[in-house]
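Coordinates in review
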Amino acid sequence: MRIEAKDIERYLSEMKEAVKNNRYRIDKNSSRQDNIDLFLKYVINEAKAREIILSLTSADFSHILQNEHKGYEHEQLYVFGRDVTLLERSGAGKRTVSLYIKFNKLESNFVIVISFHEQKYPLTYYFK
């Protein structure tokens, strides 16, 4: 699949519009422990997470995944990465953290932030 920067910019524009209108959520259920851990390990709240999401650019784009959950195979999940400086809750202070951020923008223009956690493996960026 050939992806162009304008396609990612359009996706980001639509996704950010949903976030600005509070039509999104960051998954923090029991199957998303990595997301929960980020908020426990660092001084970060919903407002800071929103700020990070709204700062994403096409340069932060990594790849698109097909949703593998039964009944949702038609959905595409967009993966981005971003290095941010966060304050450790218990530790030496500030640290640069490489985030893994995965979105599902539904047809209703509601955005689910499926993943919002530290990268487990380095990402390859599509436009860098």
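Attention here is on the structure that accompanies the text. Per-chain numbering applies: the sequence of each chain, read as written, is numbered from 1 onward. Totals for whole chains, interfaces and linings use every residue, but because this is a predicted model, local features are given only for residues with pLDDT of at least 70 and side-chain atom pairs only at 80 or more, for both listing and counting. Side-chain numbers here rest on the full set of heavy atoms in the structure, without hydrogens or water.

We now examine the layout of surface pockets. Here the largest pocket is characterised by a volume of approximately 330 Å³. Within this scheme a cavity is a closed region of a 1 Å grid, computed over the protein atoms alone, that accommodates a 1.4 Å probe without allowing it to escape, whereas a pocket is open but has protein on both sides within 12 Å along at least five of seven lines; lining residues each have an atom within 4 Å of a point. As for the largest pocket, its lining consists of 16 residues, and the residues nearest its centre are R32, N67, H69, L77 and I114. Secondary structure counts use DSSP, requiring at least four H or I residues in a row for a helix and at least two E residues in a row for a strand, with both numbered from the N terminus. Residue assignment for the lining of the largest pocket shows that the elements contributing at least two residues are β2 (61–66), β4 (94–105) and β5 (111–118). Residue type decides the class: Asp, Glu, Lys and Arg count as charged, Ala, Val, Leu, Ile, Met, Phe, Trp, Tyr, Cys and Pro as nonpolar, and the leftover types, Gly among them, as polar. The residue inventory of the lining of the largest pocket, partitioned by class, reads six nonpolar, four polar and six charged. Taken as a whole, the second largest pocket holds about 180 Å³ of empty space. Among the residues forming the lining of the second largest pocket, the class breakdown is three nonpolar, two polar and three charged. Grid points are joined across faces, edges and corners, and a volume is the space filled by probe spheres set on the points.

On to the environment of A5. With respect to the helices and strands, A5 occurs in helix α1 (residues 5–20). Only protein chains enter the accessibility calculation, which uses a 1.4 Å probe; a residue is then buried when its area is under 20% of its type maximum, exposed when over 50%, and partly exposed in between. Since its relative accessible area comes to 28%, A5 is described here as partly exposed. When the C-alpha positions of A5 and V19 are compared, they lie 21 Å apart, and in sequence the two are 14 residues distant. It only takes one pair of heavy atoms within 4.5 Å for two residues to be counted as in contact. Setting aside residues no more than four positions away along its own chain, A5 makes contact with S58 and F127.

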